Amino acid sequence: MGKQKLKVLLGATALAAMAGQAPAGEFDGITLQAKLIGGQQYEGLYARIAEWEAETGAKVDVISKKNHFELDKEFKSDLAAGTLGWCVGSNHSSFAAQYPNLYTDLTPYLSAEDIAAFVPANISASKIGDALVMLPRAQFDVSVLYYLKAVYEDEGNKTAYKEKTGRDLAPPDTWEEFKEQAIFFADPPNFYGTQYAGKDEAIVGRFYELVVAEGGALFNEDWSPAFNSDAGKRALQWFVDLYDAGAVPPGTTSYLWDDLGQGFASGTIALNLDWPGWAGFFNDPDSSKAAGNVGVKVQPAGSSGKRTGWSGHHGFSVTESCEHKEAAASLVAWLTNEDSQKLESAGGSLPTRSAVWEHVLQEAQSDPFRAEAIAAFQAGAEHAFPAPQTPEWIEATNLIYPELQAAILGDKTVDEALADAAEAVDEMMQENGVY
Amino acid sequence: MSRFRPPVWFVLLLPAIIILAAVVLIPLILSFYSSFTPYKLTRPDTLYKWIGTFNYEKAIKSTHFWAAFGRTVLLLTIALNLEMLMGLGLALLVNKVTYGQRALRTIMMFPMMFSPVLVGFQFKFIFNDNVGLVNNALQSLGLTDKAIPWLVDGQLAFIAILTAEMWSATSVFAILILAGLFAVPRDPIEAAKVDGCTPWQSFRHITLPYIMPFIYIALAIRSLDVARAYDIVQIMTNGGPARRTELLWTLIGRTGYIDAKMGYANAMGYISIFLAIFFTVYFFRKLNAARSELGMAG
């Protein structure tokens, strides 16, 4: 590099330091390759990349745009083939643990204030060990309680519930109360107290969050199974009791998210723990018989006082092998900054920055239902925790869910089912060389 | 020095050998080899680790595997018998029709044109406990006031899957048996009539022996199909709940593609192939016996 050029660069750096923000030309001549999640709902944010390019002088070359399942396969084949020349990748808290060595720790490239501006629960869900492997964008998911307001306003229900329990009828704040009310409201086959996802990762995720709310854990530190515990048994008993009492549709063990969404929208389910994406659908008269009758509340707590909060969020990461980590980190910070999150959450998705939550809440004031939903999700987000951060998670769920179903359907006792599931998971972990 | 000249027959067969090796032999050898490794799709390096017969021992000791195996044999036995009886009945009825038989034959083939995935979705909806046609019909007719969990109860789910299988494949039997009926010579039947045989006697002793080879061919084809049953079950119940409807290939499919354990899945696959081979050999023996009874054995 010529002396003249060096002087100019040093001068520019000094100016930048004085201005306190990325100056024009800071990353001049650098081209970053990126692999991003694709989809119409994400395009608005990607349009902002041009602004970052103009400000910094760097170029971004998006070499892949796919959904997370496809990206996941691509990342794995990149790892296998060693084709890791790209710098920025879309990430997801449920996938991140599968590639612990792919992404770099972003902490050295960000200030403490930058990180503190995010919701703490989202930041801890973005870490593998102590390494902050991604910065969360405004695409966050946690389940809260949707309920039919009419069943709580019904005078008959109020009196009968008071007579039965001695308490006033109000949307539940604990899972015990939730169960009691679900059984109380049920009138099968026309009306059910609640429903739950009954197979695959979905039921294990629900079981997982309930075990946590009961004060337990799914896995120990070394990833050996920890769910065959008192907390685990209480959590599974909750599913069993609801099924035995006929408070859930008999086919619930085959339900997944779509069945649950459609079920609540049919107006025949009183209480429903569900994701933020359904809020608009449930309250839209064109798609839902429950429209105008939907209440939203923070998710209930288990006997330990802790609330459920199995969650997931999208984020952006920088690869360990990236040549220009500073530039890449700057892009990632830009894509998750306040303006970017405001832009994304205007489309209805949930933010991961505290200030943007306030902004979204402010914006929703004119629509009471939306305001109620946003407030519930904001409260819910504080209790959020990610799926267990192990590459063995999906395989473990495939071993656990048939046993949960066996207990729910009465083929096994709760103790037998959890013992069998724990044994199978333990064997799998050992076979996979986890411990 | 004389150059090596391969025999002419070998040269002529070479293209066929190369193509067979590429499309059949290499994948077979590779999957067989991988069944002796802990091959995981997400960890390509595991393909080179030899673990001997570990996967086979694991499968043989697994109660889930043998339960799925037993369930597949049960489904195969019941489905084949019922499909054969219904197909035979259908073929005999259609054979009697003198006007519009062609249209009937075409209509009979409709279920075969549906993709099994579509059949799975269709019957999943029909047997849905909440919004399904069957429960709605039963409730409207006042036969029950409960939501019968068709796809949850082990036996009912088995019946639901059996119904879907039969709906989609009975016509295979009907079409093949009908072809057999067309080939039955008229003379012996007329002679039997003259001799005073009852319709049952002439069917039992004349028609049936003639169509038996066709029935065995249909049984052999369908036994392979049902032994590999996957799509319909995958869509309707995915082997669940609580493994109540788990068949060999839903178990193997999940192990191979969701858990990414290809080595173990291949080992289970190779054990399962014995099932298919057994039924094929059995039906071909029966077929040869039936043909030799007719003096057609070659």
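Residues numbered from 1 in each chain as written. Chains lettered and ligands numbered in written order. Predicted model: local features only at pLDDT ≥ 70, side-chain atom pairs only at ≥ 80, totals over all residues. Heavy atoms only, no water.

(A) Broad picture of the interface of chain A and chain B. Tallying the contact residues gives 28 residues for chain A and 25 residues for chain B. Counting the surface lost from both chain A and chain B, the interface buries some 2100 Å², and carbon and sulfur atoms represent 46% of this. The largest per-residue losses of area from chain A upon contact with chain B belong to A:Pro189, A:Glu395 and A:Glu431, which jointly make up 22% of the total buried on that side. Run the count over chain A and chain B and you get 6 salt bridges. For A:Glu395, the salt bridge goes to B:Lys261, with nearest N and O atoms at 2.8 Å. (Contact = heavy atoms within 4.5 Å. Buried area = accessible area lost by both parts, 1.4 Å probe. Salt bridge = Lys/Arg side-chain N within 4 Å of Asp/Glu carboxyl O.)

(B) Representation of the packing of aromatic side chains in the model. For the structure shown, the criterion picks out 46 aromatic pairs over all chains. Relative to B:Phe36, the ring of B:Phe32 lies with its centre 5.2 Å away and its plane at 85 degrees, an arrangement referred to as edge-to-face. In this structure B:Phe32 comes out as partly exposed when scored by relative accessible area, which is 39%. Overall, B:Phe36 belongs to the buried group, its relative accessible area being 14%. Taken together, A:Tyr146, A:Phe264, A:Trp278, A:Phe281, A:Phe282 and A:Phe377 form an aromatic cluster joined through their ring pairs. One residue, A:Arg353, lies across the ring of A:Phe118, its end atom 4.3 Å from the ring centre. We note B:Lys58 situated over the ring of B:Tyr264; from NZ or CZ to the ring centre the distance is 4.3 Å. (Phe/Tyr/Trp six-rings, centres within 6.5 Å; stacked < 30°, edge-to-face > 60°. Buried < 20%, exposed > 50% of the residue type's maximum accessible area, 1.4 Å probe, protein only. Lys NZ or Arg CZ within 6 Å of the ring centre and 35° of its normal.)

(C) Inspection of the pattern of salt bridges at higher detail. Residues and elements named next belong to chain A. A full pass over the atoms with the stated rule returns 29 salt bridges over all chains. Between Arg 137 and Glu 344 there is a salt bridge, and its shortest N-O distance comes to 2.8 Å. Pair noted here: Arg 137 is in strand β6 (residues 135–142) and Glu 344 is in helix α15 (residues 338–345), with a separation of 207 residues, a long-range link. Judged by relative accessible area, which is 7%, Glu 344 ranks as buried. (Helix = DSSP H or I, 4+ residues; strand = E, 2+ residues; numbered from the N terminus.)

(D) Broad picture of the UniProt feature "domain: ABC transmembrane type-1" (unreviewed entry) in chain B. When the UniProt feature table is mapped to this numbering, "domain: ABC transmembrane type-1" (unreviewed entry) covers residues 69–283 of chain B. The annotated region residues 69–283 of chain B carries 77% helix and 0% strand content, and the separation between its end C-alpha atoms amounts to 20 Å. (UniProt positions renumbered as here; feature names shortened; annotations may be inferred.)

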